[in-house]
Amino acid sequence: AAGVIQSPRHLIKEKRETATLKCYPIPRHDTVYWYQQGPGQDPQFLISFYEKMQSDKGSIPDRFSAQQFSDYHSELNMSSLELGDSALYFCASRLNYLTGELFFGEGSRLTVL
Amino acid sequence: GIQVEQSPPDLILQEGANSTLRCNFSDSVNNLQWFHQNPWGQLINLFYIPSGTKQNGRLSATTVATERYSLLYISSSQTTDSGVYFCAVMTNFGNEKLTFGTGTRLTIIP
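Summarised in this report is the structure supplied together with it. The structure displayed is predicted, hence computed values, not measured ones. (Residues numbered from 1 in each chain as written. Chains lettered and ligands numbered in written order. Predicted model: local features only at pLDDT ≥ 70, side-chain atom pairs only at ≥ 80, totals over all residues. Heavy atoms only, no water.)

**Focus on the overall build of chain A**
The helix and strand tally for chain A stands at zero helices and eleven strands. Counted from the first residue to the last, chain A has its helices and strands arranged as β-β-β-β-β-β-β-β-β-β-β. Computed over its C-alpha atoms, the radius of gyration of chain A comes to 13 Å, within 12% of the 13 Å expected for a compact globule of 113 residues. Referenced to the eigenvectors of the C-alpha coordinate spread, the extents of chain A come out at roughly 40 × 25 × 25 Å. Here chain A holds 113 residues, and the buried ones make up 49% of them. (Helix = DSSP H or I, 4+ residues; strand = E, 2+ residues; numbered from the N terminus. Rg over C-alpha atoms; globule rule 2.2 N^0.38 Å. Buried < 20%, exposed > 50% of the residue type's maximum accessible area, 1.4 Å probe, protein only.)

**Describing the interface of chain B and chain A**
Chain B puts 19 residues into the contact, and the matching count from chain A is 21 residues. Regarding the contact of chain B and chain A, the summed buried area is about 1600 Å², with carbon and sulfur atoms giving 51% of it. Viewed at the interface, chain A and chain B are joined by one salt bridge. For the pair chain B and chain A, the number of links is seven residue pairs in polar contact (both at pLDDT 80 or more). (Contact = heavy atoms within 4.5 Å. Buried area = accessible area lost by both parts, 1.4 Å probe. Salt bridge = Lys/Arg side-chain N within 4 Å of Asp/Glu carboxyl O. Polar contact = N/O pair within 3.5 Å; in protein donor to acceptor, adjacent residues only side chain to side chain.)

**Observations regarding the environment of Pro-27 of chain A**
Position of Pro-27 of chain A relative to the elements: it lies in the loop between strand 3 (19–24) and strand 4 (31–37). Taking C-alpha positions, Pro-27 of chain A is 9.6 Å from Asp-71 of chain A, a pair spaced 44 residues apart along the chain.

**A short note on the packing of aromatic side chains**
If you walk through the whole model with that rule in mind, you get nine aromatic pairs over all chains. Each ring, one from Phe-104 of chain A and one from Phe-100 of chain B, has its centre 5.9 Å from the other, and the planes form 80°; the classification is edge-to-face. A residue pair is termed interchain when its members come from two chains, as with Phe-104 of chain A in strand 10 (residues 103–104) and Phe-100 of chain B in strand 10 (residues 99–100). For the pair formed by Phe-104 of chain A and Phe-100 of chain B, the shared burial category is buried. Three or more aromatic residues joined by ring pairs form one cluster here, namely Tyr-35, Phe-45, Phe-90 and Phe-104 of chain A together with Phe-35, Phe-86 and Phe-100 of chain B. Directly above the aromatic system of Tyr-69 of chain B lies the positively charged group of Arg-22 of chain B, at a separation of 4.3 Å from the ring centroid. (Phe/Tyr/Trp six-rings, centres within 6.5 Å; stacked < 30°, edge-to-face > 60°. Lys NZ or Arg CZ within 6 Å of the ring centre and 35° of its normal.)

Written out as structure tokens, the structure reads:
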């Protein structure tokens, strides 16, 4: 069965650089979520989209932005990277905005040097 | 926001032992999921269980929504069961995001 696809799986950047993470949800899933997991922490919600519109926002820095495109894939753009942005970034998708389980991708590991 | 507490925070067991992990949450939920995060960081869906009981092989889970807790049972532990187990919930009040607990780190010793 198709799963949530994230790319790249690993990314190394310098401070103050920009990074873009991509997420391809499971086909027919219309809701996408982004989570950030720092070392030794639980995943923290960043932002979500339903039918290409932002549906909820969590603790996402102003330096980060995201969007969902017409084909339902989503991108998380991170600018002016800081050392503290080093983390695992997960994308998840859900078939229906109101019900059902979330399916997570394998994550993108960002290292900021 | 909703509070999600997991216990114990750490658990070390011999291979073959059984274990029970607990998740308490502070509000009504319409979604509860259990995940296993393996040493490579992958989040593996174990159960979608907002209420009731489910079993999958050596794993089973029970959620008592009215009492705001869920339990994950692992029987006959194997070393591949090692990792962090997360409970995550979603509330009934239009706050449509999963909130994770702090996890239980399980280590299975051969």
